[in-house]
Amino acid sequence: MANPRESPSGRRERRTLMTWGAIAALILGLAVVAWPLLPGSETGRPESRNQAAGQRFDQAQGESRAGTTTTPPPQAGTTAANPETVGRAERINRTAGERVRLTSEQLDAIRKHVAEQTGSHRETVTFSISVGSAVPQQAPLRDMPSAIIETIPDYQGKQYLVAGNRFVVVEKQTRRIVAIIPLET
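Residues numbered from 1 in each chain as written. Predicted model: local features only at pLDDT ≥ 70, side-chain atom pairs only at ≥ 80, totals over all residues. Heavy atoms only, no water.

A closer look at the pattern of salt bridges
If charged atoms from side chains of opposite charge come close, those side chains can pair. Scanning the entire structure with this criterion turns up 4 salt bridges. Among the salt bridges present, the one from R65 reaches E63, with a minimum N-O distance of 3.5 Å. Close ionic contact of R101 with E63 constitutes a salt bridge, the shortest N to O distance being 3.7 Å. Placement of the pair is R101 in the loop between β2 (96-97) and α4 (104-116) and E63 in strand β1 (residues 62-64), with a sequence separation of 38 residues. For R101, a relative accessible area of 54% gives the class exposed. Judged by its relative accessible area of 3%, E63 falls in the buried class. Linked by salt bridges that have partners in common, E63, R65 and R101 make up one network. (Salt bridge = Lys/Arg side-chain N within 4 Å of Asp/Glu carboxyl O. Helix = DSSP H or I, 4+ residues; strand = E, 2+ residues; numbered from the N terminus. Buried < 20%, exposed > 50% of the residue type's maximum accessible area, 1.4 Å probe, protein only.)

Below is the structure:
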C-alpha cells in the first residue's frame, strides 16, 4: 500500500527497485536450477557414463562375500525403499573387495561358457559396473548356467551379463552386482 505522504518520484523509484529485484531473483533462480545440468559441473551429472558409484566405479574385478555366499531375505527386492533391500545392499557393499577368489578351474569354466555364447556380449553399458551397484531393469540379465553352478555353487540362483571383458554376477532378487570377473588372462 502506497504511503500517502510519499512523492510520485519516490513511488517510481521504489517500483523500479522492486522490478529490478524481481528480475535479479528470477535470474538467480534459473541459475540454481540450470547449474547442475551443465556438463562437467561438480554438483551435476557426471560427464562419463560410469562415474556414479564413488570410489569403486567401473571396477575391473571384485567380489562381495555376503553377495556370493548368502541368500537375500525373502522380502528383499529392487525397491530402494524396502528396508530389507537397503540392508542387503549395505551388506554387499560392506563386504566388497577388489579381488575375486576363484580357482583357475572356476575361471576356465566361466571363460569357456562366455566363449560359447554369441551375441550376448555388450561392449559398453550405461550404468556403473562396481560391486554393490544396482543393475537397471532395462539391462538384460541371463540365468547362471548349470556348468558354472557345478563349478561355483555360490553362484546358484544368480544371474549374469558380459560387459566388455568382464563377467558380471548379479543377485537375482535385488539386481545388485556381487562379483566382477575379468575374462582376459
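Notes on unusual backbone geometry
Located in the positive-phi region is R175, a residue other than glycine, with phi close to 60 degrees. Here R175 shows up in the loop between β6 (166-171) and β7 (177-182).

Quick word on the side chain of R176
With respect to the secondary-structure elements, R176 resides in the loop between β6 and β7. Despite being buried, R176 has no salt bridge partner; E171 is the closest side chain of opposite charge, sitting 7.0 Å away. The residues touching R176, leaving out its near neighbours within four places in the chain, are A89, I92, G132, S133, A134, V169, V170 and E171. (Lys, Arg positive; Asp, Glu negative; His and termini not counted. Contact = heavy atoms within 4.5 Å.)

Coordinates in, geometry out; function isn't part of it.
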